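Given next are the chains, with one letter for each unit.
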Amino acid sequence: MEYVIFDLEWNACLSKKTNTFINEIIEIGAVKVNEELEITGQFNCLVRPVISTRLNSNVRTLTSLTYEEVKKGVPFDYGFSKFRKFAGNCTLMTWSTADIESLIGNLRYHKRMETIPFMTRYADLQEYCHDMLGLSGKNALGLQTAADILGIDTEDIPHHRAVGDSIMTLYCLRRLYHKEALASYTRDCGKEFYDRLFFHACNIESLDSEYADLSGVYFNCPECGARSKRRGEWKEKYKGFGAPYECSRCGFRFTGRVTIKRKYDSVILSKKIIRYPLPAPAADA
């Protein structure tokens, strides 16, 4: 078993050909490692951009690359072919799925492909490291933040360059490596993988939606804790729904707000109480 950890640098730009934004790849970098996470190979190439003749300022600042440098790179087809040969039949890994999505976007643009043809197994090391560190919350774990938490010296690693970020990702993996645990984060790349990858979580905003079942929703009074009664119909509010409620014990009135988020394999319902504003104090006579 071998793993390939890869990273992409890209330039966000508007394609006049498709009238869509695309993260045009300008650099591909990777390291190949064995099951002991020893480096057995390294890959790097600059890719010549064709969609935009300018690098945006953020890219220039982060990568220190100039357009003059990347325009001397290889065509995307050639760079992708060389990377495919380098990777072989390995498990591909990246820090978050952003690089996978960008690679597919470039394949779609240049080669009319909707999948990565040689990728049969994949692991998201951002997700793996987040969980292995026991972190809570939904905020994405940055690569540099992970390295700092793990006490990794990154001073001599080129930041925001494809090979440098691949190596930094490897160092994080080494600190948290558990073969069986990593296997549970490794997914087969069939239809479900791509369906899940490109599914965008969304808020349900219409009462006509099959996911907007509010029949079992209840609220307890924020004043006394008793079960409250709904005193009006549900109405569509900004990215959710609202209805008036009144406490059956103390008579306290409030608005019950519900948001429903649909994910690939789950529906999450969240509730919030909105208190009515207090009446303005009477003016002095």
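Residues numbered from 1 in each chain as written. Predicted model: local features only at pLDDT ≥ 70, side-chain atom pairs only at ≥ 80, totals over all residues. Heavy atoms only, no water.

(A) Helix H5 (residues 125–132), seen in detail. Among the residues making up H5, those that are buried are Leu125, Gln126, Tyr128, Cys129 and His130. The inward-facing, buried residues of H5 abut strand E1 (3–15), strand E4 (91–94), strand E5 (121–124), helix H7 (162–175) and helix H8 (179–184). Capping the start of H5, Asp124 holds a side-chain oxygen 3.0 Å from the backbone nitrogen of Gln126, two or three residues further along. (Buried < 20%, exposed > 50% of the residue type's maximum accessible area, 1.4 Å probe, protein only. Helix = DSSP H or I, 4+ residues; strand = E, 2+ residues; numbered from the N terminus. Contact = heavy atoms within 4.5 Å. Polar contact = N/O pair within 3.5 Å; in protein donor to acceptor, adjacent residues only side chain to side chain.)

(B) Broad picture of the side chain of Ser96. Mapping Ser96 onto the fold places it in the loop between E4 and helix H4 (98–111). Taking relative accessible area as the criterion, Ser96 reaches 14% and is therefore assigned buried. When neighbours within four sequence positions are excluded, Ser96 is seen to be in contact with Tyr122, Asp124 and Gln126.

(C) Representation of the packing of aromatic side chains. Taken as a whole and judged by the stated rule, the model has 15 aromatic pairs. With 5.7 Å between their ring centres and 65° between their planes, Tyr122 and Phe193 make a pair best called edge-to-face. Of the two residues, Tyr122 is situated in strand E5 and Phe193 in helix H9 (residues 191–197); the sequence distance between them amounts to 71 residues. Each member of the pair, Tyr122 as well as Phe193, carries the same accessibility label: buried. An aromatic cluster is defined as three or more aromatic residues linked by ring pairs; in this entry it consists of Phe6, Phe43, Phe76, Phe80, Phe83, Phe86 and Phe118. Lying over the aromatic face of Phe198, Arg108 brings its terminal NZ or CZ to 5.6 Å of the ring centre. (Phe/Tyr/Trp six-rings, centres within 6.5 Å; stacked < 30°, edge-to-face > 60°. Lys NZ or Arg CZ within 6 Å of the ring centre and 35° of its normal.)

(D) Layout of a positive patch on the surface. Among the surface-exposed residues, Lys138, Lys239, Lys261 and Lys263 lie close enough to one another that they form a single positively charged patch. A relative accessible area of 79% means that Lys138 is categorised as exposed. (Patch = residues over 30% accessible without salt bridge, like charges linked within 9 Å, V, L, I, M, F, W, Y side chains within 5 Å. Areas by Shrake-Rupley, 256 points an atom, 1.4 Å probe, with all protein chains shown as cover. Salt bridge = Lys/Arg side-chain N within 4 Å of Asp/Glu carboxyl O. Lys, Arg positive; Asp, Glu negative; His and termini not counted. Charge placed at Lys NZ, Arg CZ, Asp CG, Glu CD.)

(E) Fine view of the pattern of salt bridges. What the rule picks out here adds up to ten salt bridges. Notably, a salt bridge pairs Arg231 with Glu246, separated by 3.5 Å at the nearest N-O pair. Here Arg231, found in the loop between strand E8 (228–230) and strand E9 (235–237), pairs with Glu246, found in strand E10 (residues 240–247); they are 15 residues apart in sequence, far enough to count as distant. Given the relative accessible area of 52%, Arg231 is considered exposed. One salt bridge in this structure joins Glu246 and Arg253, with 3.6 Å as the shortest N-O distance.

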